[in-house]
Amino acid sequence: MKPADVALNFGTPSGSPRTSSDFEELNYPHHHTATSNSPTGSLGWTAVPRREEELPLPHYMSEDTARRRVPRAPAVDGGETFVAQDEKHPMDYDVYDDGGKDVYAKMKAARGPVGSGRLRRPPAPPPTTVGELIQQNLEHIPPIIYTLLACWTRFHKIGKSGNVIWDEAHFGKFGSHYLKREFYFDVHPPLGKMLVGLAGLLSGYDGSFDFKSGEAYPEHVPYTAMRVIMATFGVAMVPLGWYTAVELGMSWRACHLVALMVLFDVAWLCISRFILLDSMLLFFTFTTVFCLSKFHNQQYHSFSFDWWMWLAMTGISIGCVTSVKWVGLFVTALVGLYTIEDLWDKFGDLKMPVRDQIRHWGARIGCLIVLPILVYMASFKLHFLILNHSGPGDAQMSSLFQANLVGNDFASNPLDVAFGSKVTLKNMGWGGGLLHSHVQTYPVGSNQQQVTCYHYKDENNDWYITPRWGEPEPDAEGPIRFLQDGDVIRLRHAATTRNLHSHPIPAPVTKLNHEVSCYGNLTIGDEHDYWVVEVVDDIKRGKKNNVDKIHSLTTRLRFRHQVLGCYLRAANAILPQWGFKQVEVSCEKENNPGDVHTYWNVESHWNDRLPRGNTKFYRSPFLRDFWHLNVAMMTSNNALIPDPDKEDILASKPLDWPFLRLGLRMCGWGDNQTKYYLLGTPVIWWAGTTSLVVSLLVLAVYLIRMQRRYADMEPREWDHFIYVGKIAFFGWFLHYFPFMIMGRVTYVHHYLPTLYFSVLMFAHLVDHFVLTSKRFSEKTKWIVFGALSFTIFACFWWFRGLAFGMDGPINEHWGLRWRRSWNIYND
Amino acid sequence: MSGVQDVRQRNKGKGINRDASGPSSAVDYDDHNVAYLPSRSYIESFLNTEEASAAVVAILTIIAFFTRFYKINHPDQVVFDEVHFGKFASYYIRREYYFDVHPPLAKLLFGLAGWFVGYDGHFDFENIGDSYTENHVPYVGLRALPAILGSLTVPIVYAIMKECGYSTIIAAFSAIIILFDNAHVAQSRLILLDATLIFFLSLTMYSYVRFKKLRYQEFSPQWWGWLLATGTFMACTWASKVNGILTVVAVGVAVLIDLWDILDYKKGHSMQYFWKHFIARAAGLIALPLVIYLSVFWVHLAILSNTGPGDAFMSPSFQETLRGNELLMKSHEIRYYDTVTIKHKDTQVYLHSHPERYPLKYDDGRISSQGQQVTGYGHEDSNNQWQIIPTKALPETGRGRIVRHEDVIQLLHVNTGTVLMTHDVASPLMATNEEFTTWPKDDHSRYNDTLFHLRLSDAAPGEAWKSKSGHFRLIHVPTKVAMWSHPTQLPDWAFKQQEINGNKNANEKGAVWYVNEIVDSQDPDLKAKLEEVEMKEPKRLNFFKKFGELQLLMLQHNAGLTASHPYASGPINWPFLLSGISFWTQNEGQKQIYLIGNIIGWWASVGGICIYIGILGADLLARRRGLEPIPDDVRNRLWNSTGFFIIVWAVHYFPFYLMSRQLFIHHYLPSHVASALVAGSVLSFVLSETINTPVSAWGPSVKPRPTTYADHGVKAPVMVAVFAIAMFSLYLFISPLTYGTPGLTGEQVNARRLLSSWTLHFAAKESGNI
């Protein structure tokens, strides 16, 4: 073959672009055959994404209060921040008296003490004329315009690339599984993927496409419609950003800044336009912050209807965001910190009756802990209900669960296990897999053949139950010898004929246990191949005493090594790359009869001489399945560590994100392909990160000045400055820092939820220093605001091609590489 | 419980009874007139006299020396990390340059100790278990140094507690936790750095406490003295071991809190006053330590003036400052048409080629170009020779023929007459990298693929390429990949030689090469030069440059210590003593040294920390509800004095959670000392309602305050005595593991395996051998 034919195309992998699947999928040896998918079933469900947050509520403040953060008695230099429509309000009202001397004064009784957040305004009187109605709702006009603009940016040319872009390969496929109702396994919780499935259902997709990375969509896949539905979540981010800023009590210009940044960030735009989970993750992150700020503004109206509603909405939102990706736990932590601080304040309130204290605690526990857990579990319940057919993820689950899937043949397995049977053995610990061996050997210890626990079905999981050396092999004609408690057996690996073996050599990961390997062949072996079968109990028949013969699926067994006295165990310890990141199997010296990781059951069972069974299986309880699946997800997630031998050009380090050191090619980079590059709008990212650093410096300066008794702000101003700053800073920190210590491989899109908080911080600081400052004239504020808005827009316009798709040779798109580290061009 | 009742009763009156009338009695907090207090029990009054205190500390010190020096000559073999630190002592004596991740002070002291006992540095400390007696190494002298420092740590711990205003018996309690701790004993008896580190750490804490006590006599000579002492000892801690930097952080945190208080408006100080304090601390705790730290390195570099095993870590310009260094001796400018051998810097293999070709198809199904193999080979061979071919016109003679930075060259493999090339084909082992091969020199069809850009490291434009010192990267002109190698063997078809391929990231560490030797040259002068071997004077280099380079390398290598070790353990295991380290074993007699602490002391310490957090947590909650269960002065003592110990503990402990390098339980020992102090003050709090106050020296700005005394009654000495006996018994019980003698039978080993997670050797059969 000529060298040219085997060329490695470095700059432009035009063939099949790599997706993060190289990492996100579980590794297994090449010789394993994948299980086939059989499309069956249809879909029926009722989950509807919540949208309440977007609905403008009738008692929303009018625009003037939004910008009334630090209104002071007569403006010093004409720098009053109010505009035309509040001529109703006299200019001399005071911040502590925000009812003002106006028509609303009679409602004043409803007002509580003034704290941070949006200033409260009493509900408006019912409109009597259309003019009044419009007047009262003028404040909603900007968000409506922004939403329309967002529709344009999100939907514009959304179907331009007819290929499977980046992780659409995963999430589109998972959506298909819902439509086909086949059980699959993935490291992310199911809510987001169910919504993808729903999007497919709504757009009339039948689930038949397998979403190969980079492949063109066939005619019958309505990918544009699916993308539009996903992008709708991205559209909703913009009004959410606006209203959150309003609720956080920012001035109207700052609200505009937040909305503009959310609208014009290219990375958020780009990630929302494909069939990915990120738009939903971002949406629910935004709703969580929104509900939290809404709830905060109810703080002096404890136990009112609104208070309960927004607390509950926060809880539901947390549940949703966590059910999309576990990253949602970070925003949960933000809500947790907020709540702890809130309760700490309440705890110090000596005037509050104990009964109210308890009610406060109870309300938080109920709405912020129990409710999210219920939402999370409900998403799993739905997941199990929809996926009731056997599919590629079966082997991750317990045998009983699988037996209840449509299309599974466990029911027809012979019931009683006998010598000579071919079986697969399932570990019964949480997240346990099938006992497995393959021809690869241990590079450490004995260097014998590896034994692992594997989560996919293949023939390397098959073992024969054979008697001891010297005893006659099971006679095909003679009497059947059934397996019983206390029998000593050899387990022969069907594919390689080696025997399951253990010896006093430390196991590769759990060094205190003995290594388990496969050794010998049909004739070679020794007494280290002997395992004593110990029955624990039977799920159907109960106690050990009732178990005469060992049944497949229901009897729980343990295997004791006869010579060493150790127990066969698999406990989610991951082998390194040489073991394909599968789970280590070892032999534990201590005898812990209660350790479920030493329990095994016979899963598949083949024996021609035995009658085929026909059993009604016990249902696997939901909680058990739920927990089992979560442990399995955790184990697989921990296995997604970067492989030092494999250079992944897509992966990036957390340090690369805040200043946008790297972007990400989302698809093939050939000249005739439509190319998408995941990169933020640089000014937004840089400004956000800078503002975080500045915020810390400013805080230090203010604290030092306070220590010296300089009063820079009134108490309410200070409360407000600290409150918004805390939400933004801790939100950012909690979404960023964990990635630094996480072992798993990280990509630039992991920063996208984090970015929101840096955007809030930037708007907050601009608000604090310029837009609500008394030092600047109205004109200056207009100039600053205008310049910032224009820069954001101009920068977006410059980079819009990254998200809308670029055609033709990439090097002809001029001026995109602002940093040398961006691999946007081929060089 | 009438006894307790009595104590409280007595305490009540005390503050009022003993109104201190003048400054003199306020200064003496543990003075003799205490003895005549009618309300104090006789035993306690007696114990708190100076004589009794001196007696206690003398006894503790004597026992400390005895425990640390007992059978210090056993084993007469290299134990655990003595492999490293003993070796470094030898290098100091031989004045040969070595490289290590730790700063040099502690190792310098070992060198000094070795020189003092007349050791000539001949022994190399190659392997654990090498015999000292057979090699005539005065190892007892070397081991005596940490043993002395480790013993002295005990009275210092006592003194810290005493200075903080705790009673003799409480101070003794803290000291006993360190005194009878098997881990501290084991660590101090061997040639290891930790004893020095802990010694200086405790001195730092002691000086800081003394300094803080003089806060009402600011800028007095004593105040300055203790401030500078703090800075000095802090620098010594830092210079002893790399984790001493945490001590700097701990003191830094304490100073910041202190300054924050001075800044407080309520204190009524002016800004000028604040800046005076700030500058004093900056001078004493930043400038002075930096000078000391630098001086230690200066001494280090001044002593190590000869070439040694550490050369290869350093940059060429650094190496040329070492006497007898190869670079200094054998570095020559390279000219076109010279024949050279090229070595890979990281893995020290030669760039090699041989007539065998890449197989058409690899095991994983990928396909090669079937070109001639280019590999990395570890041994000298004529197939390692390459000739440098110019790509531009050259003058006949003169300096124009020298190869320079940024030149484009070809490399001709002399034996096969082919030129080095790379192209867009995946390398045998890495699909992401380009294959390196060669091409017949007369076939110009692939001329462009044989061009390489020579990029010297840290070179100025036009700098000449030199053998040995001229580290370079070879960048392929058309595809921009760099010639790169990694320690992975090719399969049998390439005779298990090392893979060389083209890496897209030219900044990778593995892309650095150098010319090992000029085998043949056209230049007659050079030929002559190559023959002669003269002794060149080392070049000079600015100390700060050398220091900067060394410091950076230390940091890099420290972070790079990530290889797994069977006895490495995570920080969460340490306070609870869940695992130890096997230092040394000897099958004959079943002897072993296993680093493990005294479980009573460790659990008491960690319990003390838990109780402390519990007390403060409960106090915070109570205050939040408007209750004040703890009197203000007792509370202040808990916050300020014990708080300082807690800071030291936390700062020396929690950063390890963020480190990805291999961690061992001995990294917890500094924190363990701090936790022993915490345990002492918590015990004092538990036993007494009051505290000894005031402890700080009186100053002109302070109003005289009443003197109060902690009253622990008789139960304190009894409790501490019981504790000491328990500690001592357990210490004796575990001591065979600490001293490596006497040998133990399997059953005895099993008995000493107090926690199932301890992985001792020679255990009896039922639990199996590890």
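Residues numbered from 1 in each chain as written. Chains lettered and ligands numbered in written order. Predicted model: local features only at pLDDT ≥ 70, side-chain atom pairs only at ≥ 80, totals over all residues. Heavy atoms only, no water.

As a further point, take the overall build of chain B. The helix and strand inventory of chain B stands at 24 helices and 14 strands. Evaluated residue by residue, chain B yields a buried proportion of 57% over its 770 residues. A fraction of 74% describes how many contacts in chain B between residues 6 or more apart in sequence connect residues 24 or more apart. Total accessible area computed for chain B in this model is approximately 32000 Å², and 60% of it derives from carbon and sulfur atoms. Looking at charge distribution, chain B has the averaged site of its 66 positive side-chain charges lying 7 Å from that of its 68 negative ones. (Helix = DSSP H or I, 4+ residues; strand = E, 2+ residues; numbered from the N terminus. Buried < 20%, exposed > 50% of the residue type's maximum accessible area, 1.4 Å probe, protein only. Contact = heavy atoms within 4.5 Å. Areas by Shrake-Rupley, 256 points an atom, 1.4 Å probe, with all protein chains shown as cover. Lys, Arg positive; Asp, Glu negative; His and termini not counted. Charge placed at Lys NZ, Arg CZ, Asp CG, Glu CD.)

What follows covers the packing of helix 11 (residues 194-213) of chain B against helix 22 (residues 669-687) of chain B. All names here are of chain B. Across the interface, helix 11 lies against helix 22 with an axial gap of 9 Å and an inter-helix angle of 40 degrees. Taken together, the axes of helix 11 and helix 22 are oblique relative to one another. Where helix 11 crosses over helix 22, the handedness of that crossing is right-handed. On helix 22, the residues that touch Leu 197, Ile 198, Leu 201 and Met 205 of helix 11 are Leu 669, Pro 670, Val 673 and Leu 677. (Axes fitted to C-alpha atoms, helices over the stretch in contact; angles between N-to-C directions. Parallel < 35°, antiparallel > 145°, perpendicular 65-115°, else oblique. Left-handed = near helix turned anticlockwise from the far one by under 90°.)

Take the side chain of Asn408(A) next. All names here are of chain A. Mapped onto the fold, Asn 408 is located in the loop between helix 14 (399-403) and strand 1 (422-427). At a separation of 2.7 Å, a polar atom in the side chain of Asn 408 contacts the main-chain amide nitrogen of Phe 410. Residues within four places of Asn 408 in sequence aside, it is in contact with Ser 390, Asp 394, Gln 402, Ala 403 and Lys 457. (Polar contact = N/O pair within 3.5 Å; in protein donor to acceptor, adjacent residues only side chain to side chain.)

For the structure on display, the rule yields 45 salt bridges over all chains. The shortest N-O distance in the salt bridge between Asp278(A) and Lys325(A) comes to 3.5 Å. Separated by 47 residues along the polypeptide, Asp278(A) in helix 10 (residues 278-296) and Lys325(A) in the loop between helix 11 (305-324) and helix 12 (328-347) bring together distant segments of the chain. Judged by relative accessible area, Lys325(A) falls into the buried class, the value being 5%. Residue Glu471(A) is joined to Arg481(A) by a salt bridge in which the shortest nitrogen-to-oxygen separation is 3.4 Å. Separated by ten residues along the polypeptide, Glu471(A) in the loop between strand 4 (463-466) and strand 5 (488-493) and Arg481(A) in the loop between strand 4 and strand 5 bring together distant segments of the chain. Relative accessible area serves as the criterion here: at 39%, Arg481(A) is assigned to the partly exposed category. Linked by salt bridges that have partners in common, Asp619(B), Arg623(B), Glu628(B), Asp632(B) and Arg635(B) make up one network. (Salt bridge = Lys/Arg side-chain N within 4 Å of Asp/Glu carboxyl O.)

What follows is about the UniProt feature "transmembrane region" (unreviewed entry) in chain A. All names here are of chain A. When the UniProt feature table is mapped onto this chain, "transmembrane region" (unreviewed entry) is found at residues 228-245, 251-268, 307-340, 361-380, 683-704, 720-739, 751-770 and 782-799. Taken end to end, residues 228-245 is 100% helix and 0% strand, and its first and last C-alpha atoms sit 26 Å apart. As annotated, residues 751-770 comprises 95% helix and 0% strand, and the C-alpha atoms at either end are separated by 28 Å. (UniProt positions renumbered as here; feature names shortened; annotations may be inferred.)

This brings us to the interface of chain B and chain A. Taken together, the contact pairs 35 residues of chain B with 27 residues of chain A. Here chain B meets chain A over a buried area of about 2900 Å², counting both sides, of which 61% is carbon and sulfur. The three residues of chain B that bury the most area against chain A are Tyr265(B), Arg624(B) and Arg625(B), which together make up 25% of that side's buried surface. Our count for the contact surface shared by chain B and chain A stands at one salt bridge. Of the charged contacts, one joins Arg624(B) and Asp345(A) as a salt bridge, the two residues approaching to 3.4 Å between their closest N and O atoms. There are seven residue pairs in polar contact (both at pLDDT 80 or more) connecting chain B and chain A. If you list the elements that add at least two residues to the side of chain B that touches chain A, you get helix 13 (245-263), strand 6 (418-426) and helix 19 (599-624) of chain B. With four residues, the single largest contributor to the side of chain B that touches chain A is strand 6 of chain B. Split into classes, the residues belonging to the side of chain B that touches chain A amount to 15 nonpolar, eleven polar and nine charged. (Buried area = accessible area lost by both parts, 1.4 Å probe. Nonpolar A, V, L, I, M, F, W, Y, C, P; charged D, E, K, R; others polar.)

On to the state of the cysteines, then. All names here are of chain A. Going through the model one piece at a time under the given rule, you end up with one disulfide over all chains. The partner cysteine of Cys 566 in its disulfide is Cys 587, sulfur to sulfur 2.0 Å. Between Cys 566 and Cys 587, the S-S dihedral sits near 95 degrees, and the bridge is therefore right-handed. Of this pair, Cys 566 sits in the loop between strand 9 (555-561) and strand 10 (567-569) while Cys 587 sits in strand 12 (residues 586-588), and the two are 21 residues apart along the sequence. Not engaged in a disulfide, the cysteine Cys 320 finds its nearest cysteine sulfur in Cys 291; these two sulfurs lie 9.7 Å apart. With no disulfide of its own, Cys 795 has Cys 270 as its nearest cysteine by sulfur position, at a separation of 15 Å. (Disulfide = S-S within 2.5 Å.)

Moving on: a positive patch on the surface. Where like charges cluster on the molecular surface, the positive patch consists of Arg709(A), Arg215(B), Lys266(B), Lys267(B) and Arg705(B). Mapping Lys266(B) onto the fold places it in the loop between helix 13 and helix 14 (271-303). Among the residues examined, Lys266(B) registers a relative accessible area of 64% and is labelled exposed. (Patch = residues over 30% accessible without salt bridge, like charges linked within 9 Å, V, L, I, M, F, W, Y side chains within 5 Å.)

This part covers helix 19 of chain B. Residues and elements named next belong to chain B. With 26 residues, helix 19 should reach 38 Å at 1.5 Å per residue; the first-to-last C-alpha distance of 37 Å fits that figure. Where helix 19 is concerned, the buried positions are Ile 599, Gly 601, Trp 602, Ser 605, Val 606, Gly 608, Ile 609, Tyr 612, Ile 615, Leu 616, Asp 619 and Ala 622. Buried residues along helix 19 sit in contact with helix 9 (168-179), helix 10 (182-188), helix 20 (632-653), helix 22 and helix 23 (715-739). (Expected span 1.5 Å × (residues − 1).)

This part is about the confidence of the model for chain B. All names here are of chain B. Residues at a pLDDT of 70 or more form 92% of chain B, whose mean pLDDT is 85. Scored below 50 in pLDDT, residues 1-38 shows 45 contacts in the model against residues more than four places distant or in partner chains. Predicted as a complex, the structure gets a pTM of 0.78 and an ipTM equal to 0.73. (pLDDT = per-residue confidence, 0-100.)

On to the packing of aromatic side chains. Residue and element names in this part refer to chain A. The final tally for this structure, using the stated rule, is 112 aromatic pairs over all chains. A ring pair is formed by Trp 344 and Phe 347, whose centres lie 6.2 Å apart and whose planes are at 20 degrees; its orientation type is stacked. Pair noted here: Trp 344 and Phe 347 are both in helix 12, with a separation of three residues, about one helical turn. Taken together, the aromatic side chains of Phe 330, Trp 657, Trp 685, Phe 729, Phe 730, Trp 732, Phe 733, Tyr 736, Phe 737, Phe 739 and Tyr 751 make up a single cluster linked through ring pairs. The ring of Phe 419 carries Arg 481 above its face, with NZ or CZ at 4.0 Å from the centroid. When the ring centre of Tyr 567 is taken as reference, the NZ or CZ atom of Arg 558 above it lies at 3.9 Å. (Phe/Tyr/Trp six-rings, centres within 6.5 Å; stacked < 30°, edge-to-face > 60°. Lys NZ or Arg CZ within 6 Å of the ring centre and 35° of its normal.)

Our next topic: the UniProt feature "domain: MIR" (unreviewed entry) in chain A. All names here are of chain A. In the numbering used here, UniProt assigns the "domain: MIR" (unreviewed entry) feature to residues 414-468, 480-536 and 547-605. The distance separating the terminal C-alpha atoms of residues 480-536 is 23 Å; by composition the span is 0% helix and 46% strand. Within the segment residues 547-605, helix and strand shares are 0% and 36% respectively, and the terminal C-alpha atoms sit 18 Å apart.

Let us look at the packing of helix 12 (residues 221-240) of chain B against helix 13 of chain B. Residue and element names in this part refer to chain B. Relative to each other, helix 12 and helix 13 sit at 150 degrees, their axes nearing to 7 Å. In this structure, helix 12 contributes Thr 230, Met 234, Thr 237 and Trp 238 to the contact, and helix 13 contributes Ile 245, Thr 247, Val 248 and Val 251. Across the contact of helix 12 with helix 13, the residue classes tally to five nonpolar, three polar and no charged.

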